[in-house]
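# Structural features, examined
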Amino acid sequence: VNKWEGKPIHTLVNRIDIGVVPDKSKKEGWHIFVNEIEPQMTTWLGRYCPFVIQDKVGEACVKQSRQMLRASLAAKRKLPGSTEKLRQLLDILDQRLGPLS
């Protein structure tokens, strides 16, 4: 479970790369390890997806960014720039894209 401002938040897409290398010192003969974890926009899976995923992931990332910014504002986190301007811009996005659900 991922958290933002102390509350659970769903991640969009994660890819976990597992490394496997021969290792005679191990009982199974292999050393298995997590090589990397790639969150959200770094993982497209575009060549495997049967539909154009970029538009859907783009919309989901904008929605999640709005949710995270609203949560940070509610938590009174210090953010760069004007907090009031950020609230105004989020209100404009809400008007154009609809309310967050």
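Residues numbered from 1 in each chain as written. Predicted model: local features only at pLDDT ≥ 70, side-chain atom pairs only at ≥ 80, totals over all residues. Heavy atoms only, no water.

### So, a nonpolar patch on the surface
Put simply, the test is: What makes a patch is a set of residues exposed beyond 30% relative accessible area and free of salt bridges, joined within 9 Å when like-charged and within 5 Å when nonpolar (Val, Leu, Ile, Met, Phe, Trp, Tyr). Residue burial considers only the protein chains on display, and all accessible areas are found by Shrake-Rupley using a 1.4 Å probe. Any Lys or Arg side-chain nitrogen found within 4 Å of a carboxyl oxygen on Asp or Glu counts as a salt bridge. A run of DSSP states H or I qualifies as a helix once it reaches four residues; a run of E qualifies as a strand once it reaches two. Both are numbered from the N-terminal end. Accessibility here uses a 1.4 Å probe with only protein chains present; expressed as a share of the type maximum, an area under 20% marks a residue as buried, one over 50% as exposed, and anything in between as partly exposed.
On the surface, a cluster of nonpolar side chains totalling about 710 Å² of accessible area is made up of Ile16, Ile18, Val20, Trp30, Ile32, Val34 and Ile37. Going through the elements one at a time, strand 3 (14-22) and strand 4 (30-39) are the ones with two or more residues in the nonpolar patch. Broken down by element, the nonpolar patch gets its largest block of residues, four residues, from strand 4. Here Ile32 is to be found in strand 4. Among the residues examined, Ile32 registers a relative accessible area of 58% and is labelled exposed.

### Details of the confidence of the model for the protein
Defined as follows: Confidence scores per residue from the predictor, reported as pLDDT, run from 0 to 100.
Per-residue pLDDT for the protein has a mean of 85; in total, 89% of the residues score no lower than 70. Across the protein, element-level confidence peaks in helix 2 (residues 83-97) with a mean pLDDT of 93 and bottoms out in strand 1 (residues 2-4) with 82.

### A closer look at the pattern of salt bridges
One pass over the structure, following the stated rule, counts four salt bridges. Among the ionic contacts, a cluster of salt bridges with common partners joins Arg66, Arg70, Asp91 and Asp94.

### Focus: the side chain of Arg66
The following threshold applies: In what follows, a contact means two residues having at least one pair of non-hydrogen atoms within 4.5 Å.
As for its position among the elements, Arg66 is in helix 1 (residues 53-74). Apart from the residues lying within four places of it in its own chain, the contact partners of Arg66 are Leu90, Leu93, Asp94, Leu97, Gly98, Pro99 and Leu100.

### Section: helix 1
Just so we agree on the cut-off: To estimate the expected span of a helix, count its residues, drop one, and scale the result by 1.5 Å.
Here helix 1 spans 31 Å end to end across 22 residues, near enough to the 32 Å set by a 1.5 Å rise per residue. Among all positions of helix 1, only Ile53, Val57, Cys61, Gln64, Arg66, Met68, Ser72 and Leu73 are buried. Buried residues belonging to helix 1 abut strand 1, strand 2 (7-9) and helix 2. Positive backbone phi, approximately 60°, marks Lys76, located one or two places after helix 1.

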